[in-house]
Amino acid sequence: MNTPSPSQSAIGANPLDQLADIHLPPPVANFPWAPGWWALLVLTVSLAALSFWLWWRYRKRTAYRRAAKMELTTLQGITDDAEFARELNQLLRRVAIHAQSSNTSSVAGLSGAQWQAFLLNSCGDKPAFNQPQLDALTAAAYQAQAPALDRQQLLVQARLWIKRHRSHYV
């Protein structure tokens, strides 16, 4: 009988039958991340929290400015120049007192030329008001017969002063 030799049977057989099945690697896990990703996540969350806190603190500190600007719009409806001048003067004084909360008595006691000098000097190098407008405002607020006011110019200047005044210029 003719039996095939082992070398003959190996040659005649399909060589793919001798291969083992493909073994897939285990799936990649989402966690744990590498330490660099954790550090980036902590840094991002910290920066977002710091940004929000700084924005909130700024909004809180400047809320009086926004309220004063809104009140300026209500002053446009006043028809009497003397009443307009008194209301605008009171608004500017309230803003100044709020900004000078640590030194309220120095601002509250100002009047006349000292009050005008404060309004001119509290915006630094570029005053918001000009001297003729301040003179007209003071005269209209405290005198029975006063010259007519340029209300739009005064409102623009007051809005600019509210926006730019600084408490450390006193």
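These numbers were taken from a predicted model, which means no experiment stands behind them.

**Student:** Before we go on, may I ask you to explain the packing of aromatic side chains in this structure?
**Tutor:** Remark: the centre distance and the inter-plane angle together describe each pair of aromatic rings, the angle taken between the planes. What the rule picks out here adds up to four aromatic pairs. With a centroid separation of 5.7 Å and an interplanar angle of 15°, the aromatic rings of Trp 115 and Phe 118 are classed as stacked. Placement of the pair is Trp 115 and Phe 118 together in helix α6 (residues 112-121), with a separation of three residues, close to one helical turn. This pair shows no difference in class: Trp 115 is buried, exactly as Phe 118 is. Taken together, the ring pairs in this structure connect Trp 115, Phe 118 and Trp 161 into an aromatic cluster. Its guanidinium or amino end placed over the ring of Phe 84, Arg 151 lies 4.9 Å from that ring's centre, counting from NZ or CZ.

**Student:** Can you help me understand the environment of Asp 81 in this one?
**Tutor:** Within the element layout of this structure, Asp 81 appears in helix α4 (residues 81-99). A C-alpha to C-alpha distance of 8.4 Å links Asp 81 and Arg 151, two positions 70 residues apart in sequence. Beyond its immediate sequence surroundings of up to four residues, Asp 81 is in contact with Ala 140, Ala 148, Leu 149 and Arg 151. Among the polar contacts listed, one links the side chain of Asp 81 to the side chain of Arg 151, at a separation of 2.8 Å.

**Student:** What am I meant to see in the packing of α6 against helix α7 (residues 131-142) here?
**Tutor:** Angle between the axes and distance between the axes are the two parameters that describe a pair of packed helices. Viewed as axis vectors pointing N to C, α6 and α7 meet at an angle of 140°, and their least axial separation amounts to 11 Å. When the axes of α6 and α7 are compared, the pair comes out oblique. Relative to α7, the crossing made by α6 is right-handed. Where α6 approaches α7, its residues Gln 116, Leu 119 and Leu 120 are matched on the opposing element by Gln 131, Leu 134, Asp 135 and Thr 138. Its residues placed into classes, the contact of α6 with α7 shows three nonpolar, three polar and one charged.

**Student:** Can you walk me through the pattern of salt bridges in this structure?
**Tutor:** A pair can form between side chains of opposite charge whenever their charged atoms are brought close. A complete count under the given rule lists three salt bridges for this structure. Here Glu 71 and Arg 94 are joined by a salt bridge, their closest N and O atoms 2.4 Å apart. Here the residue Glu 71 occupies a position in helix α3 (residues 63-75), and Arg 94 occupies one in helix α4, the gap between them amounting to 23 residues. Relative accessible area serves as the criterion here: at 28%, Glu 71 is assigned to the partly exposed category. With a relative accessible area of 40%, Arg 94 lands in the partly exposed category. A salt bridge links Arg 151 to Asp 81; the nearest nitrogen and oxygen atoms lie 2.8 Å apart. Residue Arg 151 is located in helix α8 (residues 151-164), and its partner Asp 81 is located in helix α4; the two are separated by 70 residues in the primary sequence. Exposure remark for Arg 151: the relative accessible area of 16% places this residue in the buried category. The exposure class assigned to Asp 81 is partly exposed, which follows from its relative accessible area of 23%.

The rules behind each value
Residues numbered from 1 in each chain as written. Predicted model: local features only at pLDDT ≥ 70, side-chain atom pairs only at ≥ 80, totals over all residues. Heavy atoms only, no water. Phe/Tyr/Trp six-rings, centres within 6.5 Å; stacked < 30°, edge-to-face > 60°. Helix = DSSP H or I, 4+ residues; strand = E, 2+ residues; numbered from the N terminus. Buried < 20%, exposed > 50% of the residue type's maximum accessible area, 1.4 Å probe, protein only. Lys NZ or Arg CZ within 6 Å of the ring centre and 35° of its normal. Contact = heavy atoms within 4.5 Å. Polar contact = N/O pair within 3.5 Å; in protein donor to acceptor, adjacent residues only side chain to side chain. Axes fitted to C-alpha atoms, helices over the stretch in contact; angles between N-to-C directions. Parallel < 35°, antiparallel > 145°, perpendicular 65-115°, else oblique. Left-handed = near helix turned anticlockwise from the far one by under 90°. Nonpolar A, V, L, I, M, F, W, Y, C, P; charged D, E, K, R; others polar. Salt bridge = Lys/Arg side-chain N within 4 Å of Asp/Glu carboxyl O.

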